Amino acid sequence: MSFFAGIPEAAPIEVFHMNNLYLQDTSANKVNLTIGAYRTEEGKPWVLPVVHNAEVALANDESLNHEYLPVLGFDAFSKAATALVLGEDNPAIAEGRAFGIQCLSGTGSLRLGAEFLHSQCKMDVVYVSKPTWGNHKLVFKTAGFKEVRDYTYWDATNRRVDIEGLIKDLEAAPERAVVILHGCAHNPTGMDPTQEQWKQICEVVKAKKLFTFFDIAYQGFASGDADADAWAIRYFVSQGVEMVVAQSFAKNFGLYNERVGNLTIVVNDKSTIAGIKSQASLCVRANWSNPPAHGARIVHKVLTTPALRQEWFDCIKAMSSRIKEMRAALKGHLESLGTPGTWTHITQQIGMFSYTGLNPDQCDQLIQKHKVYLLRDGRINLCGLNTKNVEYVAKAIDDVVR
Ligand code: PMP
């Protein structure tokens, strides 16, 4: 007899599974386009020099210790993170209507936001884009949401945002439904609404009394400009929309395993904040009790020290520029090979991913025949490309689509 008898084996988490298959592969020419992490031209992880410098400074700061942080985290970090996403001079900050809670990276921020909305605001229905990041549905279901529904997002034929379908679906959503919107660099499609389209989305969210939940995991990493990447969120705030924003510092600081995140909350009535903070404290207490300090100290130091902040801007420029170069190179090779189909979407999409349009069968062939690993929905991480392997990948794609 075992108390654990009968537990069925769950399907593997695709992105980690594919990454493991890549690691186990012994081929010399294998290419990893699976997991969403930045790689250098040499195919190596990158510790941002500015992060290294901040870590050295922190290691030598004898005023620091390893005492517990408060339940809601390192407040100066959350203030800096909130200012980064909303903009330093956002009236919502000046009016005391916006504040942050330090969470465990983007995922922990989503989880806290979901649990809070479910338990305190009695919200039960959440809408996610179709397709969306693989974890959204799991997080919201686990947090107690009864229904996770899709809203139309992707027009596969024209490889663009299906704004008509999106608006139609949101118009049909019930009042108080939560809508998850990717702040920038939509994962997996790499295609964001235009500013005009964001305005339409904001209109329907307001008219139908939907609740806005932004997820921003790529601020600055997407375009190289942290302000430009936060445009949609700032626009919604300017329109008087209440919201929560899950912020991740995994990609833009290269701090994947430090789990640095922030949940920014913007309210219309600041007298609600004491209640929100006290109830959020209980949610956090029941989950991780209080967050880790190291990564939040790094991000805080960088964002609040002008010279380091500038150095960080240079780092995100370097990462996003390399990705853009790889987009252009991949598209260029496919076009010069005369590969059937159109490939302009590769350079129209932003962020680390391209939703290539390759079908599952073509993806399987890329993996098995050419050792080019990607997700079966055709999503590739451009960071896995470099000047040495991009032509090989283009030739492999050419082979499987012919
Ligand atoms: N949301 C989206 C859309 C993402 O792509 C990611 C990272 N893959 C996250 C949230 C959060 O990731 P993390 O928990 O590592 O910050």
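All figures in this text were calculated on a predicted structure; none of them were measured in a lab.

Draft legend 1. Summary view of the overall build of the protein. If you tally the helices and strands in the protein, you get 16 helices and 13 strands. For the protein, the C-alpha radius of gyration of 21 Å lies close to 21 Å, the compact-globule estimate for 402 residues. With the C-alpha coordinates of the protein rotated into their principal frame, the extents come out at 60 × 60 × 55 Å.

Draft legend 2. Structural view of the packing of helix α8 (residues 195–207) against helix α10 (residues 231–238). Across the interface, α8 lies against α10 with an axial gap of 10 Å and an inter-helix angle of 40°. Comparing their axes, α10 and α8 come out oblique. As α8 runs across α10, the sense of the crossing is right-handed. Residues Gln195, Trp198 and Cys202 of α8 touch α10, and the partners they reach there are Trp231, Ala232, Tyr235 and Phe236. The residue inventory of the contact of α8 with α10, partitioned by class, reads six nonpolar, one polar and no charged.

Draft legend 3. Quick peek at the domain arrangement of the protein. You can read the domains of the protein as domain 1 (12–46 + 318–401) and domain 2 (67–303). For domain 1 versus domain 2, the distance between C-alpha centres works out to 28 Å. Each side of the interface is counted separately: domain 1 has 19 residues, and domain 2 has 18 residues. When contributions to the side of domain 1 that touches domain 2 are tallied by element, the ones reaching two or more residues are α1 (14–24), α13 (306–337), α14 (345–348) and β11 (353–355). Of the residues in the side of domain 1 that touches domain 2, the class split is eight nonpolar, eight polar and three charged.

Draft legend 4. How the structure looks around the environment of Phe249. Residue position: Phe249 is located in the loop between β9 (243–248) and β10 (260–266). A count of 27 C-beta atoms within 10 Å places Phe249 in the buried class. With residues up to four places along the chain from it excluded, the contact list for Phe249 reads Leu255, Val260, Gly261, Gly295 and Val299.

Draft legend 5. Broad picture of the site of the ligand. Around the ligand, the structure places Gly36, Ser105, Gly106, Thr107, Trp133, His182, Asn187, Asp215, Ala217, Ser248, Ala250 and Gly261. Broken down by element, the residue count for the shell around the ligand peaks at three residues, all from helix α5 (residues 105–120). Counted by class, the shell around the ligand contains three nonpolar, eight polar and one charged residues.

Draft legend 6. Quick peek at the pairing of strand β4 (residues 147–152). Pairing geometry for strand β3 (residues 125–130) and β4, over six bridges, is parallel. Bridging from a neighbouring strand, Val128 pairs with Asp150 of β4. Each parallel crossover has a hand, and for β3 linked through helix α6 (residues 136–142) to β4 it is right-handed.

Draft legend 7. Geometry of the UniProt feature "domain: Aminotransferase class I/classII large" (unreviewed entry) in the protein. Here, UniProt's "domain: Aminotransferase class I/classII large" (unreviewed entry) annotation points to residues 29–397. Between the end C-alpha atoms of residues 29–397 the distance is 14 Å, and the span holds 45% helix and 15% strand.

Draft legend 8. Spatial organisation of the nonpolar core. Grouped together as the largest cluster of nonpolar side chains are 120 residues, with contacts concentrated most on Tyr127, Val178, Val179, Ile233, Val299, Val372 and Val393. Inspection of this core shows a minimum of three residues originating in each of domain 1 (12–46 + 318–401) and domain 2 (67–303). Beyond its immediate sequence surroundings of up to four residues, Val299 is in contact with Phe77, Ala81, Phe249, Phe253 and Val260.

Draft legend 9. Molecular detail of helix α11 (residues 273–287). Spanning 15 residues, α11 covers 21 Å between terminal C-alpha atoms, matching the ideal 21 Å at 1.5 Å per step. Residues of α11 that are buried include every one of Ala280, Cys283 and Val284, and no others. Across the axial projection of α11, the buried residues extend over an arc of 95°, all falling on one side. Across from the buried face of α11, at angles greater than 90 degrees, the exposed residues are Ala274, Gly275, Ser278, Arg285 and Ala286. As for α11, its buried residues are in contact with β2 (98–104) and α5. Immediately downstream of α11, the backbone of Ser289 shows phi near 70°, a positive value.

Draft legend 10. Local environment of the sheet that holds β9. Pairing in this open sheet of seven strands is mixed, and the strands run β2-β10-β9-β8-β7-β3-β4 from one edge to the other. Two strands bound the open sheet, and with one partner strand each, they are β2 and β4. Here the average twist between neighbouring strands, direction ignored, is 25°. Where β2 and β10 come together, seven bridges link them in antiparallel fashion. Bridge pairing in β10 places Leu104 opposite Val260. Strand contacts of helix α3 (residues 75–86): β2, β8 (211–216), β9 and β10, with the helix running at about 115° to β2, the strand carrying the most contacts.

Draft legend 11. Highlighting unusual backbone geometry. Cis rather than trans, the peptide bond between Lys130 and Pro131 has omega equal to 5°. By the secondary structure assignment, Pro131 is in the loop between β3 and α6. A cis amide bond links Asn187 to the next residue, Pro188, at an omega of 15°. Turning to its location among the elements, Pro188 is positioned in the loop between β7 (178–182) and α8. Located in the positive-phi region is Ser105, a residue other than glycine, with phi close to 55°. Among the structural elements, Ser105 can be located in helix α5. Positive phi values are uncommon outside glycine, yet Ala185 reaches one of about 55°.

What counts and how
- Residues numbered from 1 in each chain as written.
- Predicted model: local features only at pLDDT ≥ 70, side-chain atom pairs only at ≥ 80, totals over all residues.
- Helix = DSSP H or I, 4+ residues; strand = E, 2+ residues; numbered from the N terminus.
- Rg over C-alpha atoms; globule rule 2.2 N^0.38 Å.
- Axes fitted to C-alpha atoms, helices over the stretch in contact; angles between N-to-C directions.
- Parallel < 35°, antiparallel > 145°, perpendicular 65-115°, else oblique.
- Left-handed = near helix turned anticlockwise from the far one by under 90°.
- Contact = placed C-beta atoms within 7 Å.
- Nonpolar A, V, L, I, M, F, W, Y, C, P; charged D, E, K, R; others polar.
- Domains from an automatic or database assignment.
- Buried ≥ 20, exposed ≤ 12 C-beta atoms within 10 Å, placed from the backbone.
- Near = placed C-beta within 6 Å.
- Pairing = 2+ DSSP bridges.
- Right-handed = clockwise from strand over helix to strand, strands pointing away.
- UniProt positions renumbered as here; feature names shortened; annotations may be inferred.
- Core = buried A, V, L, I, M, F, W, Y, C linked by C-beta atoms within 7 Å.
- Expected span 1.5 Å × (residues − 1).
- Arc of directions from axis to C-beta.

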